[in-house]
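Reading the structure
Each chain is listed here by its residues.
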Amino acid sequence: MGSCHSTAPEPPSRRADETSEADPQRPTHPPPASVRSSKGSALAPASAGAPAAPEKSSLRKKVRQAVDYGVQVVTPGATKTIKTEAELRLIRDSLQKTTVLGALPLGQLTEMIGLMGVKLGQEGQVVGLTNGLYVVLEGAVVIEGGDGVWQRAGSLLGEQQLLYERLDGRPLRARAVTARTKLAHLRRDTFQQHMQGSRRAKLEQNMALISSIGIFDGLSVAERFKLADACENRAYNAGDRIIKQGEAGSEFFILLSGSAKVYRAEGASAETCVDNKYAGDCFGEQALLSDQPRSATVVAADHGTEVLCIDKRMFNALLGQLGGCAHHVLHPSIPQDKLSRHVHPPSDLLRPVAASSSGMRRSATSS
Amino acid sequence: MMVDVEIFRHLSAATRTQLLARMVRVSFADEDFVFRQGDDADKMYIIKSGEVEVLIDTPGGGIPPLQKIDHLFHGRCFGERALVRREPRMAHIRAKGALECLTISKTDFDELALAEQTGYWESRWEKEETRDPSQFKVLRSLGSGAFGTAYLVQHRMHPERIYALKALPKDSLSKRVCSDVVLREKDILASLPISLFVVTLHNAFQCPNNLYMLMDLAPGGELYQIMANNTRFHPLQARFYMACIVLAIEHLHRHSVIFRDLKPENLLIGREGYLKLIDMGFARRLRADEKAYTLCGTPYYLAPEMIQHLGHDKGLDWWSVGVLSFEMIDGSPPFLGNNEMEVYDKVLKLNYTYESDDAADGSYFCADSKDLIRRLICLEPSRRLGNLRDGAEDIKNHRWFTNPTPMVSSSGVARATPSFDWKDLAAGPNGPGRMNPPYVPNREKLSKLASPAIPQWNDKKLLSMNDIQTTEADKEHPRWIAGWSSFTM
């Protein structure tokens, strides 16, 4: 909801009757006829021996209920965060199997693990597993009201609660069945705030970088934001080749951190270093303008050299062809700032030649 | 004080000064009639202090002879309608307690060309006539929504006007929910220009117990119900509905609003069979250079970026358009599972299938519809159709809409589906080229619904609503919610 800008606590606001019992007046949306059953039956329950799956229609209804949970207060550091090397590995392996966190870059996943708390339990103790995701680190637990299967080290519990409270409102509870039971806990609010914070920081960084590049002077703020959102962040180690002379390429790079060396081979002679690129510099810009092969090789010079990578096809689909600003890229002797702020209003520079009638769109999207 | 009266706000400073100089003060005692119904009009009135009742003769000479239809207080004006329309008085005005008014004579009214602001007066009257629960007769309940109940109501003065009135009990709204969800919904609806494809908010008002939103009646019910009865649509029907949805979402996006909860439950079928988007509870305004992060929506329709908390913007709605299109043609949403996590897992793996490819009669997916859905159900928001350079135009120009696809009818005759005319759709039911909506609510049923012969809903709460009249004193009520009424003095 409107919490995106505030760091203020926003307790969950739920739509009272949609999350409560189903509306009796509403006709059930029946599971579509026979043809569709193959889809449903292909889904095995999450763990063997789970209680009989409820009526499909009621499941559908459940899944249909609207959810809306805001970001909540974070109180990091309140829990014990001591985790051994083996435990960290265990958590990482488990989280990588999850739907929600599986695709996170390793660095961000590690940061997230650092924010996880630890819960300890003794045999027979009942632990409430609400407000987030749990990974069993040591010992085993049994889910109350579940199938009785022992969830041992590495098991993942309550992933759905990383997104929102359970729709049925019943808290997830587990009973420790071993003398010493240890669980790692990622709170929903911690997770959401971390994701939001890192995403926003990255967008801001990309935005600042894109705005500093002359080629993009003609883009509106809205267009730059689209680009900042769509471009890909990549990291290289020292010595990694980013582009190779003579190869076809469709990507344009902006150096985010670290540095890179530019090599060029003239004719049969060996490659020589012709330039150095530092944070804020760009290379591969020809790719946005033509299909010419790369005119040089660029190699990362530092460990953890980061680049922003803008793909030509993505760029064209998102913002139209760069046509107009080809000029100052191809003739860099003309001062860039002069060219881009001269003659034409800035937004004209990037207007696709063929689709000039779509000029209205720009004002529409940026309004 | 007079400068603050709403009817003067749109006037130029010069006109306002002249007007103030020409106004004459008049006083009335309790129960005095300021004027009577049928009188010739010679001036308009602005209430300086006190209250008046608006009464009309009971039709057919019934008992009691006079019927109270409205009441006005400080700052309001009356009597201007007869001047603008050059008609006799439409109602009696009776003072309630001591009354002091300022008057503008007919001559001054004409000299300052006040009557010529027709557009302004018309919209003002519409709002004025719909600013209080007592102005409506409740015919029946239409069902319960997220926070309150919707009623079918008829305007007392203009029985041909039928609306849906959503009543939200203040008891059930916590302060937070109220300001966050309900007020935002109202603000967004009130600020959107009128579109055929988005429900129109005619007015918003309140009494000490309830908040009210007066909206278009969409008598065809939820698209959800039709889908439930029908299981699936013929692709041509689905195409019509999808086109309505595309125009609705395009309309919101054009005004920097993202909807975030597109599903068949939130689409109603209007009088003419066109879809109307309702329920802006999750909608929010979003600048072109920001993203929203709050998880909200309905599991079947959640976009991948929402599940992964990567931040979302307009692209989110286009994802749901794709999911909904699939559901309309197939009969069930593309991503199904035994629980939400299974659904989300399939979403992130784009794991969905078309049941069969062999419907040669064109009653199922074709290559074009599959292609369109594939481009909408696209993991990367920045590559998703609808979210690219040309926005919704990309969808409108997609082959599924433009190509006259050859298909074989059940009788074995090959024919071509006509290409879709977006202009005709946007022009609406009264446009030059009429569309043929798959389902048009039965007119007979409609008039029956609205006929006063139907016994009133047997519900105390409902009936008591007929007596609710707000007074000036209500504004001091502790539960009065500032900023709710869209009609201000």
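Residues numbered from 1 in each chain as written. Chains lettered and ligands numbered in written order. Predicted model: local features only at pLDDT ≥ 70, side-chain atom pairs only at ≥ 80, totals over all residues.

1. Examining the overall build of chain B
Selection criterion: A run of DSSP states H or I qualifies as a helix once it reaches four residues; a run of E qualifies as a strand once it reaches two. Both are numbered from the N-terminal end. Exposed residues have 12 or fewer other C-beta atoms within 10 Å of their own C-beta, buried residues have 20 or more, and residues in between are partly exposed; the C-beta atoms are placed from the backbone. By the convention adopted here, residues make contact when the C-beta atoms placed from their backbones lie within 7 Å.
Helix and strand counts for chain B come out as 17 helices and 18 strands. For chain B, with 489 residues in total, the buried portion stands at 44%. The long-range fraction of contacts in chain B, counting pairs at least 24 apart against all pairs at least 6 apart in sequence, stands at 67%.

2. Section: the overall build of chain A
A count of helical and extended segments in chain A gives twelve helices and 17 strands. Expressed as a percentage of its 367 residues, the buried residues of chain A come to 34%. Across chain A, contacts joining residues at least 24 apart in sequence account for 78% of those joining residues at least 6 apart.

3. As for the domain arrangement of chain A
One widely used convention gives an interface's size as the accessible area the parts lose upon coming together. Residue and element names in this part refer to chain A. Defined as follows: Bear in mind that the domain bounds are from an automatic or database domain assignment. Each residue is assigned to one of three groups, with Ala, Val, Leu, Ile, Met, Phe, Trp, Tyr, Cys and Pro labelled nonpolar, Asp, Glu, Lys and Arg labelled charged, and all others, Gly among them, labelled polar.
Domain parsing of chain A yields domain 1 (80-207) and domain 2 (212-362). At the junction of the two partners, domain 1 supplies four residues and domain 2 supplies seven residues. A breakdown of the residues in the side of domain 1 that touches domain 2 according to their chemical character gives two nonpolar, one polar and one charged.

4. Here's the deal with the environment of A:R199
Relative to the helices and strands, A:R199 is located in helix α6 (residues 188-211). For A:R199 and A:A222, which are 23 residues apart along the polypeptide, the C-alpha to C-alpha distance reads 17 Å. Apart from the residues lying within four places of it in its own chain, the contact partners of A:R199 are B:L310 and B:G311.

5. Some thoughts on the sheet that holds strand β12 (residues 251-257) of chain A
Residues and elements named next belong to chain A. The test is simple: By the convention used here, strands pair only if DSSP detects at least 2 bridges between them. Angles here are taken between N-to-C directions and fall from 0 to 180 degrees, while the axes themselves are lines fitted to C-alpha atoms, restricted in helices to the stretch in contact.
Spatial strand order, β10-β17-β12-β15: four strands in an open sheet with antiparallel pairing. Each end of this open sheet is capped by a strand with a single partner; those strands are β10 (232-236) and β15 (282-283). Direction of pairing for β12 relative to strand β17 (residues 305-311): antiparallel, over a ladder of six bridges. Looking at β17, one finds that F252 is bridged to I310. The strands touched by helix α9 (residues 312-319) are β12 and β17; relative to β17, the strand with the most contacts, the crossing angle is about 55°.

6. A short note on the nonpolar core
Residue and element names in this part refer to chain B. Inclusion rule: Nonpolar core, as used here: buried Ala, Val, Leu, Ile, Met, Phe, Trp, Tyr and Cys residues forming one set through C-beta atoms within 7 Å.
Among the nonpolar cores identified, the biggest contains 162 residues, and L165, C244, I245, A248 and L275 are the most heavily contacted of them. Among the elements that make up this core, the one with the highest residue count is helix α8 (residues 235-254) (twelve residues). Excluding residues within four positions of it along the chain, L275 makes contact with F197, L223, Y241, C244, I245, A248, L267 and I269.

7. A short note on the packing of α6(A) against helix α7 (residues 221-230) of chain A
All names here are of chain A. Note the threshold: Should an angle lie under 35 degrees it is considered roughly parallel, over 145 roughly antiparallel, and from 65 to 115 roughly perpendicular; all remaining angles are considered oblique. Crossing chirality is assigned from the near helix's rotation relative to the far helix, an anticlockwise turn below a right angle marking it left-handed and a clockwise turn marking it right-handed.
Contact geometry for α6 and α7: axes closest at 9 Å, N-to-C directions at 120°. The orientation of α6 with respect to α7, classified from their angle, is oblique. You can see that α6 and α7 cross each other, and the crossing is right-handed. Across from L203, N206, M207, I210 and S211 in α6, the residues of α7 making contact are R224, F225, L227, A228 and D229.

8. Let's talk about the sheet that holds strand β8 (residues 173-176) of chain A
Residues and elements named next belong to chain A. Spatial strand order, β3-β8-β5-β6: four strands in an open sheet with antiparallel pairing. Pairing within the sheet leaves two strands with one partner each, and these edge strands are β3 (126-128) and β6 (150-151). Looking at chain direction, β3 and β8 are connected through three bridges and run antiparallel. In the strand pairing of β8, G128 is matched with R173.

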